[in-house]
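One-letter residues, chain by chain:
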Amino acid sequence: MRTLLRQVVHTLEKGQNVELVTVLASGGSTPRGAGAVLAVFPDGTSVGTVGGGNVEYEAQKLASKLLETGENALREFRFVQGDAASLGMVCGGDVTLHFHYLDASDAHTVAVFRALLDATAGSADTWLVRKLDGTAVTAMGLADRTGTKYMEEVPVGLLESRAVFREGWFALPAVRGGKVYIFGGGHVSQALVPAIAAVGFRPVVYDDRPEFAAPALFPQAEAALCGPFTALAEKIKVTPDDYVVIMTRGHQADYEVLTQTLRSGAKYIGCIGSKKKLAICRDRLLAAGFTAEEYARVHAPIGLAIGAETPEEIAVSVTAEMIAVRAGHEVP
């Protein structure tokens, strides 16, 4: 999302208009769900996606036409064969797309998207909220947990972890709060950082060895920190919006990190390791006064059980598990 917003703001500030295509709603089997976004620019290029294939081809083609005429539009595409709105596909679903003409001469539009881009550098959940009357956007602004900006209050229950389209209101979670604190900078962490960054997580790596906390090892991370595992509070503070991934080089460091994060309320805590190592760590935590219920929050062994062996495969399994948690799905 940050890449898309950066290009949108850059284009608007150059005085050029943008057509923003958003999936408002979807049903059945579709390539992308509500909240997928595609930006189409005057030179014919685009950033983002609303599903690829025929739907993306048709969306880009229509967006380019609307960009020339300065119009909004609302279109429904069906992934079935044999009707007027069909894309000739057999997925059995449908998507509703809204085409929003962003006028570079509209100071309000430019200010909203500039502020949204700025919000991506922060750590607060932020939504792009639009009120639609047919194809027209009658109100647009930002919302976070503290209130709204550039618009009046929004309806209760509109700000959810996923995109919501209800009674003409559309709320898109554009910035997801919280960071992923990865403890240990070894090979698996080096594979994990680009994997989670690619799907919108914000990794921060922490190791007690300078050579494994080098920023050059983790170009996609927001930070690479070096410090003792026994004193995390000197460098970081884990909040209920954050994720904790423990991949240190031994069970002693794992234990130290868990003692300081297990009661943080973190949204996700995962620990890599063999069953034997994890059992030792669990027994020590119980002996130190932690409860079995508290330890049960730990995803250990970390990642979905897909038979992963290499660092890259493990990174995929951990990323998938974190996506499931972020989406609110139960993870065994």
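The preceding data block contains the structure.
With that out of the way, let us pick up the sheet that holds strand E6 (residues 126–133). Pairing is antiparallel across the open sheet formed by five strands, whose spatial order is E8-E7-E6-E10-E9. Only two strands of the sheet have a single partner each, and these edge strands are strand E8 (147–149) and strand E9 (164–166). Here the strands of the sheet are splayed against their neighbours by 25 degrees on average, with no regard to which way each runs. Inspection of the sheet shows strand E7 (residues 136–144) paired to E8 by three bridges, in the antiparallel sense.

A few words now on helix H2 (residues 53–69). Side chains that are three or four residues apart share a direction in an α-helix, a result of its 3.6 residues per turn. Compared with an ideal rise of 1.5 Å per residue, which puts 17 residues at 24 Å, H2 spans 25 Å between its outermost C-alpha atoms and is within 8% of the ideal. Where H2 is concerned, the buried positions are Val55, Glu56, Ala59, Leu62, Ala63, Leu66 and Leu67. Angularly, the buried residues of H2 cover 145 degrees about the axis, an arc narrow enough to put them on a single face. Exposed positions of H2 whose direction lies more than 90 degrees from the buried face are Tyr57, Lys65, Glu68 and Thr69. Downstream of H2 by a residue or two, glycine 70 has a phi angle that is positive, lying close to 70 degrees.

Take a nonpolar patch on the surface next. Taken together, the side chains of Leu304, Ile306 and Val316 present a nonpolar region at the surface, about 250 Å² in accessible area. Inspection of the secondary structure assignment puts leucine 304 in the loop between strand E16 (298–299) and helix H8 (311–326). Assessed through its relative accessible area of 30%, leucine 304 is described here as partly exposed.

Following alanine 300, the chain continues into proline 301 via a peptide bond in cis, with omega recorded as 0 degrees. Although it is not a glycine, tyrosine 150 adopts a positive phi angle of roughly 70 degrees. Tracing the chain through its elements places tyrosine 150 in the loop between E8 and E9. When its relative accessible area of 34% is taken as the criterion, tyrosine 150 is described as partly exposed.

Thresholds, definitions, all that
- Residues numbered from 1 in each chain as written.
- Predicted model: local features only at pLDDT ≥ 70, side-chain atom pairs only at ≥ 80, totals over all residues.
- Heavy atoms only, no water.
- Pairing = 2+ DSSP bridges.
- Helix = DSSP H or I, 4+ residues; strand = E, 2+ residues; numbered from the N terminus.
- Axes fitted to C-alpha atoms, helices over the stretch in contact; angles between N-to-C directions.
- Expected span 1.5 Å × (residues − 1).
- Buried < 20%, exposed > 50% of the residue type's maximum accessible area, 1.4 Å probe, protein only.
- Arc of directions from axis to C-beta.
- Patch = residues over 30% accessible without salt bridge, like charges linked within 9 Å, V, L, I, M, F, W, Y side chains within 5 Å.
- Areas by Shrake-Rupley, 256 points an atom, 1.4 Å probe, with all protein chains shown as cover.
- Salt bridge = Lys/Arg side-chain N within 4 Å of Asp/Glu carboxyl O.

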